[in-house]
Amino acid sequence: MPLYTSITPEGMLSAKQKQLIAEQVTKLHSEVMGAPPSFVRIIFQTYPAGDGFTAAKEGKLAVLSGQVRMGRSKETKTKMITSLWTLYEKATGASKDQMLVFLADVPATQTMEMGAILPEPGHEAEWLAVHG
Amino acid sequence: MPLYTSITPEGMLSAKQKQLIAEQVTKLHSEVMGAPPSFVRIIFQTYPAGDGFTAAKEGKLAVLSGQVRMGRSKETKTKMITSLWTLYEKATGASKDQMLVFLADVPATQTMEMGAILPEPGHEAEWLAVHG
Amino acid sequence: MPLYTSITPEGMLSAKQKQLIAEQVTKLHSEVMGAPPSFVRIIFQTYPAGDGFTAAKEGKLAVLSGQVRMGRSKETKTKMITSLWTLYEKATGASKDQMLVFLADVPATQTMEMGAILPEPGHEAEWLAVHG
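Residues numbered from 1 in each chain as written. Chains lettered and ligands numbered in written order. Predicted model: local features only at pLDDT ≥ 70, side-chain atom pairs only at ≥ 80, totals over all residues. Heavy atoms only, no water.

## Focus on the pairing of strand β2 (residues 41-47) of chain C
Working note: regular strand, side chains alternate between the two faces of the sheet.
All names here are of chain C.
And step 1. Burial runs high along β2: six of the seven residues are buried.
And step 2. In this sheet, β2 lies alongside strand β1 (residues 3-9) in parallel orientation, the contact comprising seven bridges. Bridging across to β2, Thr-8 finds its partner in Thr-46. (Buried < 20%, exposed > 50% of the residue type's maximum accessible area, 1.4 Å probe, protein only. Helix = DSSP H or I, 4+ residues; strand = E, 2+ residues; numbered from the N terminus. Pairing = 2+ DSSP bridges.)

Pasting the structure below:
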């Protein structure tokens, strides 16, 4: 964790665009949120054309959501989400009114990687020394 | 935001049914939760027959979940979820024991549309005047 | 609810493996979290090879997430997630560094099954007597 999920219409993103988004989101999350790159997971999901709606009108809706460990300051999360918006808008070419970006908090105590409960934000180094 | 996600077995919903659900959910959310229709996003996802389980038995599970801005009263959310159930049951024709409907809260401060952090519930008009 | 969602690369899980995971997760959730098996929902989702990333590198990422009713003790949730990890690792054969398992809490008051708001954890028997 984090787990970022990108949901776009089929065919919107090329393999190259996905790779670029993965690289940029991973770097950004690591720098702003302080997690090691190995924690950053991204899955690209798609839906068939016609299955996304805004204001009840079909459109090319592009959603980037992140499930992140709870405990960062509001300022940190604002910086993260603002930067995510900018990179996702540029990388996808999605229309501004067809985009949604958000972060949801999950307690670190309810999250496992490498067979171990994740550390609270700020305690990654000790955890990695044992489980990394 | 809200982002509503409908997950049904492949083939359960026609394009007409999806359009109807999108219209009804958008209208309902706007009336009950007070958000402008332009905030209401819906994506229809599917899974192959056989990949949904209840009590470890394969079945035609239909799930409608909404990620909504935090801050509405319990009464408002109860009204919303009860009405969602009724419309989704009618529109999908899903069996009552194969349905799940729920709402999860996300802080408005962690959500972006139109390149801007979303307003708290009740402050949509000011936001739309600037970003809408 | 709970709603467990398994997300794996296409082709990773056979029908037999999915059935086994469904049985084990349902049994475990019922024993540890105290919910009746009829509440336990599982959906298996997949993504095309190449669309999952860890540390910006493409890999066979396998994610098991559970949306569960809020209100269990930290000890109960720790036991649940630890056991989920063990069963999911064994059942999927996923690499340890390509796995993520987590639980997110949703208020029971915002969740419906059988046309009724779900009970708080510990009050399932009364609810089932009326709605089961």
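## A word on the interface of chain B and chain A
And step 1. Residue-level contacts link 25 residues of chain B with 27 residues of chain A.
And step 2. Carbon and sulfur atoms supply 63% of the area buried between chain B and chain A, which totals about 2,200 Å² over both sides.
And step 3. The largest contributions to the chain B side of the interface with chain A come from Arg41(B), Gln110(B) and Met112(B), which together make up 30% of the buried area.
And step 4. Taken together, the connections running from chain B to chain A amount to one salt bridge.
And step 5. Linking Lys18(B) and Asp51(A) is a salt bridge whose minimum nitrogen-to-oxygen distance equals 3.1 Å. (Contact = heavy atoms within 4.5 Å. Buried area = accessible area lost by both parts, 1.4 Å probe. Salt bridge = Lys/Arg side-chain N within 4 Å of Asp/Glu carboxyl O.)

## Some points on the sheet that holds strand β2 (residues 41-47) of chain A
And step 1. One open sheet holds the eight strands; their spatial order is β8(B)-β7(B)-β6(A)-β5(A)-β1(A)-β2(A)-β3(C)-β4(C), and the pairing between them is mixed. On the outer flanks of this sheet lie β8 (116-117) of chain B together with β4 (57-58) of chain C, each paired with one strand and no other.
And step 2. As defined by bridge partners, strand β7 (residues 111-113) of chain B adjoins β8(B) across two bridges and the pair is classed as antiparallel. Paired with Glu113(B) across the bridge in β8(B) is Ala116(B).

## A closer look at the interface of chain A and chain C
And step 1. At the interface, 25 residues of chain A touch 27 residues of chain C.
And step 2. Buried area between chain A and chain C, summed over both chains or domains, comes out near 2,200 Å², and the portion from carbon and sulfur atoms is 63%.
And step 3. Three residues stand out in chain A for area buried against chain C, namely Arg41(A), Gln110(A) and Met112(A), and they jointly supply 31% of the buried area on that side.
And step 4. For the interface between chain A and chain C, the tally reads one salt bridge.
And step 5. Looking at the side of chain A that touches chain C, its residues break down into 12 nonpolar, nine polar and four charged.
And step 6. Note: β2(A) against strand β3 (residues 52-54) of chain C, three bridges, orientation antiparallel. Residue Arg41(A) lies in a different strand from β3(C), and its bridge partner there is Thr54(C). (Nonpolar A, V, L, I, M, F, W, Y, C, P; charged D, E, K, R; others polar.)

## Quick word on the relation of the copies chain B and chain A
And step 1. Of the transformation superimposing chain B on chain A, the axial component is 0.0 Å and the angular component is 120°, with the fit at an RMSD of 0.0 Å. Such a combination of turn and shift is consistent with a three-fold rotation axis.
And step 2. Interface residue correspondence from chain B to chain A reaches only 4%, placing this contact among heterologous pairings that use different surfaces. (Least-squares fit on C-alpha atoms with pLDDT ≥ 70 in both.)

## Overview of the relation of the copies chain A and chain C
And step 1. Least-squares fitting of chain A to chain C yields an RMSD of 0.0 Å, with the superposition described by an axial translation of 0.0 Å and a rotation of 120°.
And step 2. In this assembly, only 4% of the residues forming the interface of chain A have copies in chain C that are likewise at the interface, indicating a heterologous arrangement.

## What about the confidence of the model for chain A?
And step 1. Taken over all residues, the pLDDT of chain A has a mean of 97, while the share at 70 or more is 100%.
And step 2. For this predicted complex, the interface score ipTM comes out at 0.97, while the overall pTM is 0.98. (pLDDT = per-residue confidence, 0-100.)

## A word on the pattern of salt bridges
Residues and elements named next belong to chain B.
And step 1. Enumeration over the complete set of coordinates arrives at 15 salt bridges over all chains.
And step 2. Glu-113 is the partner of Arg-41 in a salt bridge, and the nearest nitrogen-oxygen pair spans 2.8 Å. Remark: Glu-113 occurs in strand β7 and Arg-41 occurs in strand β2 (residues 41-47); sequence separation between them is 72 residues. Like Arg-41, the residue Glu-113 is buried in the burial classification.

## A closer look at the packing of helix α1 (residues 15-33) of chain C against helix α2 (residues 74-92) of chain C
The geometry of a pair of packed helices is captured by two quantities: the angle between their axes and the separation between those axes.
Residues and elements named next belong to chain C.
And step 1. At their nearest, the axes of α1 and α2 sit 10 Å apart, and the two run at 165° to each other. With respect to α2, the element α1 is oriented roughly antiparallel. The way α1 lies across α2 gives a crossing that is right-handed. From α1, Gln-17, Ile-21, Gln-24, Val-25, Leu-28, His-29, Val-32 and Met-33 reach across to α2, where they touch Thr-76, Lys-77, Lys-79, Met-80, Ser-83, Leu-84, Leu-87, Tyr-88, Ala-91 and Thr-92.
And step 2. For the contact of α1 with α2, the per-class residue count stands at 10 nonpolar, six polar and two charged. (Axes fitted to C-alpha atoms, helices over the stretch in contact; angles between N-to-C directions. Parallel < 35°, antiparallel > 145°, perpendicular 65-115°, else oblique. Left-handed = near helix turned anticlockwise from the far one by under 90°.)

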